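Given next are the chains, with one letter for each unit.
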Amino acid sequence: MAERNLIPIFDGHNDVLYKLHYTDEADKVSLFTKGSPDDWHIDLPRAKQGGFAGGMFAVFAPSPDTPTEAVVEGASVFAIDEPLPPALSMDDARRTTIAMASILFELDRAGAVALCRSAADIRAARDRGTIAAVFHIEGAEAIDRDLVMIETLYGMGLRSIGPVWSRPNMFGHGVPFRYPSAPDTGPGLTDAGKDLVRACNDKKILVDLSHLNERGFRDVAALSNAPLVATHSNVHRICPHARNLTDWQLGAIRDTKGLVGLNFETTFLHSPPAGSGVPDAEILLRHMDALILELGEDGVGLGSDFDGADVPKLISDASGLQRLLDVFREYGYGEGLIEKIAWKNWLSVIERTIG
């Protein structure tokens, strides 16, 4: 039987560095390259099987007083009013950020991934069959008010920042894990947050809107001269979770020729909550269809949230990504649109944002 021709997939968000950091396994590279535990989502064997060609590799520092398993996005997200995790000190954030970034650099040195600083780097990695990894920070607590640390991190390869995770920091306010809820849950960016957005624009660092509340989103939209991007978010009209995007937000992204990456987290897909009986394929298609309707065919991609989410069984992990493309194909999406969703749109917005 002829080997299947896989469509390469660039993904907007994963948390495998978080998993690797908190595992007791000392040899992180071997764990990634030879195969991770069954309940993980990304490693080299799974990536090769599913056509996972690269993505935004997130560095996320959990609140020290919060059990690590409780910060995974799938935890308690349907609470009526889930309290936000406690704020994180800069010292704690920097320790974790440097530790997780060091794992990324170790994977790069071993040839397991290629640390990419531009769209050209991503294309080169894809052409030689190496996973393209863009260094992303989810929550900017490691960065100081004077933004000196951003220079250091940029020199280390940082090319994408989410100013907040779902907790407040000096830069702004994250949207809580709350259902049902609109994302208009509190104040927006602080003055420091507005300075951070300007600095990201100046240095050509992508600003990820995924965890910002609506007022913070509006502040970025008013300030930024780059395409608006939500790397891993879904459609609020379909699932009214505070983490999902309203029609106005989707319109603002469309107006800047930005992009939204479809999040695989089941509790951001289903309304009512997961277990409603809607098949995986149908709910994924509902969100993707709505994103295409609001953003156009050039404004959609994938933002799996692998290793930080409860993923539909249809996909299961990175090895199942082609099954999702098969769902799109069977529904009637043409090969050109499927390639845009899989990787071309991400490469376009990255080229127009970070270069």
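Residues numbered from 1 in each chain as written. Predicted model: local features only at pLDDT ≥ 70, side-chain atom pairs only at ≥ 80, totals over all residues. Heavy atoms only, no water.

A. Broad picture of the packing of helix 12 (residues 321–331) against helix 13 (residues 335–353). Two numbers describe how helix 12 lies on helix 13: the axes approach to 10 Å, and their chain directions differ by 150°. Crossing handedness for the pair helix 12 and helix 13: right-handed. On the side of helix 12, the interface is formed by Leu-325, Phe-328 and Arg-329, while helix 13 contributes Glu-335, Ile-338, Ile-341 and Ala-342. Taken together, the residues of the contact of helix 12 with helix 13 break down into 5 nonpolar, no polar and 2 charged. (Axes fitted to C-alpha atoms, helices over the stretch in contact; angles between N-to-C directions. Helix = DSSP H or I, 4+ residues; strand = E, 2+ residues; numbered from the N terminus. Left-handed = near helix turned anticlockwise from the far one by under 90°. Contact = heavy atoms within 4.5 Å. Nonpolar A, V, L, I, M, F, W, Y, C, P; charged D, E, K, R; others polar.)

B. Seen up close, the environment of Ala-58. Among the secondary structure elements, Ala-58 is positioned in strand 2 (residues 52–59). Given a relative accessible area of 0%, Ala-58 falls into the buried group. Between the alpha carbons of Ala-58 and His-13 there is a distance of 6.5 Å; along the sequence they are 45 residues apart. (Buried < 20%, exposed > 50% of the residue type's maximum accessible area, 1.4 Å probe, protein only.)

C. Structural context of the packing of helix 4 (residues 90–109) against helix 6 (residues 148–156). Packing of helix 4 against helix 6 leaves a shortest axis separation of 12 Å and a crossing angle of 15°. For the element pair helix 4 / helix 6, the angle class is roughly parallel. Here the hand of the crossing between helix 4 and helix 6 comes out left-handed. Residues Arg-94, Thr-97, Ile-98, Ala-101 and Phe-105 of helix 4 lie in contact with helix 6, whose contacting residues are Met-149, Leu-153 and Met-156. The class makeup of the residues in the contact of helix 4 with helix 6 is 6 nonpolar, 1 polar and 1 charged. (Parallel < 35°, antiparallel > 145°, perpendicular 65-115°, else oblique.)

D. Local environment of the confidence of the model for the protein. For the protein, per-residue confidence averages 93 on the pLDDT scale, and residues scoring 70 or more make up 92% of the total. In the model, residues 67–80 has pLDDT below 50 throughout and makes 43 contacts with residues more than four positions away in sequence or in other chains. (pLDDT = per-residue confidence, 0-100.)

E. Examining the pattern of salt bridges more closely. Taken as a whole, this structure holds 21 salt bridges when the rule is applied. The salt bridge involving Glu-351 is made with Arg-123; its shortest N-O contact spans 3.2 Å. Of this pair, Glu-351 sits in helix 13 while Arg-123 is found in helix 5 (residues 119–127), placing the two residues 228 residues apart along the sequence. Notably, a salt bridge pairs Arg-126 with Asp-127, separated by 3.4 Å at the nearest N-O pair. (Salt bridge = Lys/Arg side-chain N within 4 Å of Asp/Glu carboxyl O.)

F. Summary view of a negative patch on the surface. Residues Asp-24, Glu-25, Asp-27 and Glu-106 make up a contiguous surface patch of negative charge. Relative to the helices and strands, Asp-24 resides in the loop between helix 1 (16–22) and helix 2 (28–34). A residue is classified by how much of its surface remains accessible, and Asp-24, at 81% relative accessible area, is exposed. (Patch = residues over 30% accessible without salt bridge, like charges linked within 9 Å, V, L, I, M, F, W, Y side chains within 5 Å. Areas by Shrake-Rupley, 256 points an atom, 1.4 Å probe, with all protein chains shown as cover. Lys, Arg positive; Asp, Glu negative; His and termini not counted. Charge placed at Lys NZ, Arg CZ, Asp CG, Glu CD.)

G. Here's a closer look at the nonpolar core. Core analysis: the biggest nonpolar cluster contains 110 residues, and Phe-32, Phe-135 and Phe-264 have the highest contact counts within it. Broken down by element, the residue count for this core peaks at 9 residues, all from helix 13. (Core = buried A, V, L, I, M, F, W, Y, C linked by side-chain atoms within 4.5 Å.)

H. Quick peek at helix 8 (residues 214–223). Along helix 8, the positions that sit buried rather than exposed are Glu-214, Gly-216, Phe-217 and Val-220. Projected onto a plane normal to the axis of helix 8, the buried residues spread over an arc of 160° and lie on a single side. In this structure, the buried residues of helix 8 make contact with helix 7 (191–203), strand 6 (206–207) and helix 9 (247–255). (Arc of directions from axis to C-beta.)

I. Examining the packing of aromatic side chains more closely. For the structure shown, the criterion picks out 12 aromatic pairs. With 6.5 Å between their ring centres and 65° between their planes, Phe-52 and Phe-57 make a pair best called edge-to-face. The exposure classification of Phe-52 matches that of Phe-57, with both residues buried. Every member of this aromatic cluster is reached through a ring pair, and the members are Tyr-18, Tyr-22, Phe-60, Trp-165, Phe-177 and Phe-268. Its end group placed over the ring of Trp-343, Arg-126 keeps NZ or CZ at 4.4 Å from the ring centre. (Phe/Tyr/Trp six-rings, centres within 6.5 Å; stacked < 30°, edge-to-face > 60°. Lys NZ or Arg CZ within 6 Å of the ring centre and 35° of its normal.)

J. Layout of the side chain of His-41. Relative to the elements of secondary structure, His-41 occurs in the loop between helix 2 and helix 3 (44–50). On the basis of relative accessibility, which here comes to 8%, the residue His-41 falls in the buried class. A distance of 2.6 Å separates a polar side-chain atom of His-41 from the backbone nitrogen of Asp-307. Dropping the residues within four chain positions of it, His-41 is found in contact with Arg-46, Phe-306, Asp-307, Ala-309, Val-311, Ser-316, Asp-317 and Ala-318. (Polar contact = N/O pair within 3.5 Å; in protein donor to acceptor, adjacent residues only side chain to side chain.)

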